[in-house]
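# Descriptive analysis of the structure
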Amino acid sequence: MAAYKMYIGGEWAGAETGFETLNPATEKPIAYFPSGDAGHVDMAVGAARDALPKWSRLPPPKRGIILQKAAEILKSEKERLGRLVSTEMGKVLPEALGDVQEAIDTFEYFAAEGRRLYGNTTTSELRDKFCMTIRRPVGVVGLITPWNFPTAIPAWKLAPALICGNTVVFKPSSDTPLCAYEILKVLIRAGVPPGVVNFVTGPASSVGEAIVKHPGIEGLSFTGSKATGEWITKNAGLKKVGLELGGKNPIIVMDDAKLDLAVEGILWGAFGTTGQRCTATSRVIAHRKIKQKLLSALVTKARMLRLGPGIEKTSDVGPLINKAAQEKVNKYVGIGIAEGAKLLCGGNKPAGKGFFFKPTIFDGVTPDMRIAREEIFGPVLSVLEFDRLDDAIDIANSVEYGLSSSIYTGDVNNAFKAIERIEAGITYVNSSTIGAEVHLPFGGVKGTGHTREAGILGLDEFSNTKTVYVDYSGKLQKAQIDSD
Ligand code: NDP
C-alpha cells in the first residue's frame, strides 16, 4: 500500500503517525496518509501567509492561466481519476467520472473569471466624484471538505479561492484524502507556486479544529454535517465563514405529473450516489390520487437496482462510505419502523464484504417522524401524501433544512407556486433534486447554511468587497450635507 505525504510551503511533509483510507466496496486499505496536528496547521498557515503578497498581486488573468492548465491536466487524467473516485469513495463509475468532470468545469469556469472578477460602478450624489466596488482577497483561507464529492468539492473551493488571490490551507476528509491529493498534484503541475496551496491531512479533532481556531486564517469554507457547521460557527471567531450543510430534500408529485418521468427522477435522486448527496431526494410528497401507482413503480424499480462495487459496469448502486454510515442508515431504518412507517423494500445490508445497504422505501410516513425530518445520508426514501398543493408545500417546508427541492407537474401554475413558496436554495421543475451545474449558484437556506458556492456568487465567499470613492473636485465635498 502506497504511503503519501502532506504538502506545506512547497515541501512534502510526514508525521509520526498516520491512517489508512479504505475501499468501501472491499473494506481493503488503499493508501496511507500522515496524521497531521496543530503544529502542521501552524506551519501551513505560516507558509500561506508568506505566499500571500506575491500570489494576491499576480494579475488575475495570470492566475486564470494556471487554473485553465489545471483543467487541461484533469481532462487528460479524467478516466484514471474517475476510477480512483469510484475506488476510494465508492460511487459508480459514471457518477465518479461526473465528479471529475465537475472539477474540470469548475476550474475552467473560475479560470475565465480571472478576466472578469467584476465589481460595480455607480453614480455619486456629489459632483466630480466616482464610485465603484472592487474585489480583494480574504487572505489565508482554510478549506475543509467532505468525502461525497472527493474531487468536485475541493475544486469548488480551491478554484474560486485561488482566482480571488487567496492562499490556502486545505484539509480533506479522512475518508478520501487520496482523491484530494490528486487534485493537489494537478495544481502543482499546473504551476501553483509553493505556499499557495498547503495540504494537511489528519483527524478533525486535531487538524480540522486547529484550522477553525487558527488566528492567522481569515476565511473558512466548510462542507459537511450540520453539527460540525454549528461547531465551526461557535469556534471560528470573527473569520469569514462559508457553510454548506445538509438537506432533507423533497420531491412533490402532483396528480397531473408525468409519472414515468417522476419515477425516474425520484430513483436517481434517492439512490444515486447511494443517497449520499446533500441534495439527495429523501422525501417524496405524493398526491393521494397517484400515490399508490407511483409507489408500486418505485418499489418495483428500486428492487431491480444492482448493488456492487462502483468500479464494475454491472453496479447501479455502490457502497456507503464507511461502517459508521452503514450503521447510521441501519439505525434510521429501525427508527422508521418503530415510528410506525411501513417498510416497502430494502431495509438491510446484503451479506458479504463492503458497506452496502439496500435501496429502502418507507410508506405511511408523516411529517413529524424522524425519518421525515433528519438527514440520513443513505439510500432511504420516505413517502408522504397530500391532497392540496398548499399542504404539500407546508410539508416540504416543515424541516430545518432548505437546500434542494422539486415538483413534478404538468400545470405551470403549480410550478410557479412551488418555486415561490418552497423554502430552499434550489427548486427543480420536472427534474430530480440533484444535478447542479457549476455556473449557477449552489446553496441553501435555514439549517443548510446560507452560503452560495459556484457561479458568480461563488466569488463572494472568497473575496471581500472594497468600496472606492474617487473625488476629483479638488475640494472637500460632504455626503449628506452639501446640497449643491
Ligand atoms: P463531518 O461534518 O463530520 O466532516 C466533514 C469534514 O469536516 C471532514 O473533513 C471532517 O474531517 C471535518 N470535520 C469534522 N469535524 C470537524 C471539526 N470539529 N472541525 C473541523 N473540521 C471538522 O461529516 P462526516 O464526513 O462525518 O459525515 C457525517 C454526516 O454529515 C453525513 O452522514 C451527512 O449527514 C453529513 N454530510 C453532509 C455533506 C454535504 O454535502 N452537505 C457531506 C458529508 C457529510 P474528518 O474526515 O477527518 O473527520
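Predicted, not measured: the structure shown is a model, and the values here were computed from it. (Residues numbered from 1 in each chain as written. Predicted model: local features only at pLDDT ≥ 70, side-chain atom pairs only at ≥ 80, totals over all residues. Heavy atoms only, no water.)

### Re the packing of aromatic side chains
Describing an aromatic ring pair means giving the distance of the ring centres and the angle of the ring planes. Scanning the entire structure with this criterion turns up eleven aromatic pairs. Taking the centre distance of 6.4 Å and the plane angle of 55 degrees together, the rings of Tyr-181 and Phe-199 count as tilted. Here Phe-199 lies in strand β10 (residues 197-199) and Tyr-181 lies in helix α6 (residues 177-190), a separation of 18 residues in the sequence. Judged by relative accessible area, which is 11%, Tyr-181 ranks as buried. Grouping aromatic residues by their ring pairs yields a cluster made of Tyr-4, Tyr-7, Trp-12, Phe-19, Phe-33, Phe-170, Tyr-181 and Phe-199. (Phe/Tyr/Trp six-rings, centres within 6.5 Å; stacked < 30°, edge-to-face > 60°. Helix = DSSP H or I, 4+ residues; strand = E, 2+ residues; numbered from the N terminus. Buried < 20%, exposed > 50% of the residue type's maximum accessible area, 1.4 Å probe, protein only.)

### As for empty space enclosed by the protein
Taken as a whole, this structure holds three cavities of 30 Å³ or more when the rule is applied. Here the lining of the largest cavity is composed, by residue class, of five nonpolar, six polar and three charged. Along its surface, the second largest cavity is lined by 15 residues, and Pro-250, Ala-396, Tyr-401, Gly-402 and Glu-423 are the ones closest to its centre. A class-by-class count of the residues in the lining of the second largest cavity yields seven nonpolar, five polar and three charged. (1 Å grid on protein atoms, 1.4 Å probe; cavity = no way out; pocket = protein on both sides within 12 Å on 5 of 7 lines; lining within 4 Å. Points joined across faces, edges and corners; volume = space filled by probe spheres on them. Nonpolar A, V, L, I, M, F, W, Y, C, P; charged D, E, K, R; others polar.)

### Considerations on the site of the ligand
Taken together, 27 residues lie around the ligand, and Trp-147, Ser-174, Ser-225, Lys-328 and Glu-375 are the ones closest in. In the environment of the ligand, an oxygen atom lies 2.7 Å from a nitrogen or oxygen atom belonging to the side chain of Trp-147. Put simply, the ligand lies in the largest pocket. For the shell around the ligand, the elements supplying multiple residues, two or more each, are α7 (204-213), β11 (219-223) and α8 (226-235). Counting residues per element, the shell around the ligand draws most heavily on α7, at four residues. No fewer than three residues from each of domain 1 (2-245 + 449-468) and domain 2 (249-429) sit in the shell around the ligand. (Near = heavy atom within 4 Å. Polar contact = N/O pair within 3.5 Å; in protein donor to acceptor, adjacent residues only side chain to side chain. Sits in = over half its atoms within 2 Å of the grid points. Domains from an automatic or database assignment.)

### What to know about the pairing of strand β17 (residues 380-386)
Counting buried positions along β17 gives six out of seven residues, so the element sits mostly inside the fold. By the bridge criterion, five bridges tie strand β14 (residues 281-287) to β17 in an arrangement that is parallel. Looking across to β17, one finds that Val-284 is bridged to Val-383. (Pairing = 2+ DSSP bridges.)

### Notes on the environment of Ser-473
Checked against the element boundaries, Ser-473 lands in the segment after β20 (463-471). Residues Ser-473 and Gly-64 lie 409 residues apart in sequence; the distance between their C-alpha atoms is 37 Å. Apart from the residues lying within four places of it in its own chain, the contact partners of Ser-473 are Arg-127 and Asp-128. Here the side chain of Ser-473 touches Gln-477 through a polar contact of 3.3 Å, side chain to side chain. (Contact = heavy atoms within 4.5 Å.)

### So, the domain arrangement of the protein chain
Split by domain assignment, the protein chain resolves into domain 1 (2-245 + 449-468) and domain 2 (249-429). On a C-alpha basis, the centroid separation for the pair domain 1 and domain 2 is 31 Å. The interface is formed by 24 residues belonging to domain 1 together with 26 residues belonging to domain 2. Carbon and sulfur atoms supply 62% of the area that domain 1 and domain 2 bury against each other, a total of about 2,000 Å² over both sides. At the junction of domain 1 and domain 2, the tally comes to three salt bridges. Arg-277 is paired through a salt bridge with Glu-95; the nearest N and O atoms lie 4.0 Å apart. (Buried area = accessible area lost by both parts, 1.4 Å probe. Salt bridge = Lys/Arg side-chain N within 4 Å of Asp/Glu carboxyl O.)

### Re the nonpolar core
In terms of nonpolar packing, the biggest core is built from 61 residues, with Phe-107, Leu-162, Val-168 and Val-197 touching the most fellow members. Considering every element that reaches this core, the biggest residue donor is helix α4 (residues 93-113), with ten residues. In terms of domain composition, this core takes at least three residues from each of domain 1 (2-245 + 449-468) and domain 2 (249-429). Apart from residues lying up to four places away in sequence, Phe-107 is in contact with Leu-67, Ala-70, Ala-71, Leu-74, Ala-155, Ala-159, Ile-183 and Leu-187. Trp-147, Met-254, Ile-376 and Leu-389 belong to the second-largest nonpolar core, a separate cluster that totals 34 residues. (Core = buried A, V, L, I, M, F, W, Y, C linked by side-chain atoms within 4.5 Å.)

### Structural notes on the packing of helix α2 (residues 60-76) against α6
Two elements in contact, α2 and α6, have axes separated by 8 Å at closest approach and are oriented at 125 degrees. In terms of orientation, α2 and α6 fall into the oblique class. As for the relative orientation of α2 and α6, their crossing is right-handed in sense. Along the contact surface, α2 presents Ile-66, Lys-69, Ala-70, Ile-73 and Leu-74, while α6 presents Ile-183, Val-186, Leu-187, Arg-189 and Ala-190. Its residues assigned to classes, the contact of α2 with α6 shows eight nonpolar, no polar and two charged. (Axes fitted to C-alpha atoms, helices over the stretch in contact; angles between N-to-C directions. Parallel < 35°, antiparallel > 145°, perpendicular 65-115°, else oblique. Left-handed = near helix turned anticlockwise from the far one by under 90°.)

### Here we look at the sheet that holds β20
Reading across the sheet, the three strands line up as β6-β7-β20 and stay open at both edges, with antiparallel pairing between neighbours. Because the sheet does not close on itself, it has two edges, and the strands there are β6 (121-122) and β20. Note that β6 and strand β7 (residues 129-137) share two bridges and pair antiparallel. Its bridge partner being in β7, Thr-122 is matched across the sheet by Cys-131.

### Examining unusual backbone geometry
Trans peptide bonds make up most of the peptide bonds, and negative phi angles are found at most residues other than glycine. Its identity as a non-glycine residue notwithstanding, Phe-377 has a phi of 60 degrees, on the positive side. Mapped onto the secondary structure, Phe-377 falls in the loop between α12 (370-373) and β17. Note on Phe-377: relative accessible area 18%, which makes it buried. Phi at Lys-446 is positive, roughly 55 degrees, even though this residue is not glycine. Topologically, Lys-446 is positioned in the loop between β19 (428-429) and β20.

### Here's the deal with a nonpolar patch on the surface
A cluster of nonpolar side chains, contributed by Val-412, Phe-416, Ile-419 and Val-429, occupies part of the molecular surface with about 360 Å² of accessible area. Tracing the chain through its elements places Val-429 in strand β19. Note on Val-429: relative accessible area 35%, which makes it partly exposed. (Patch = residues over 30% accessible without salt bridge, like charges linked within 9 Å, V, L, I, M, F, W, Y side chains within 5 Å. Areas by Shrake-Rupley, 256 points an atom, 1.4 Å probe, with all protein chains shown as cover.)

### A closer look at the pattern of salt bridges
As a working rule, side chains carrying opposite charge can pair if their charged atoms are close by. Summed over all chains, the structure comprises 26 salt bridges. Its salt-bridge partner being Asp-391, residue Arg-388 comes within 3.0 Å of it at the nearest N-O pair. Take Arg-388: its relative accessible area is 46%, and that puts it in the partly exposed class. With a shortest N-O distance of 3.1 Å, Arg-421 and Asp-390 are connected by a salt bridge. Here Asp-390 lies in helix α13 (residues 389-396) and Arg-421 lies in helix α14 (residues 412-421), a separation of 31 residues in the sequence.

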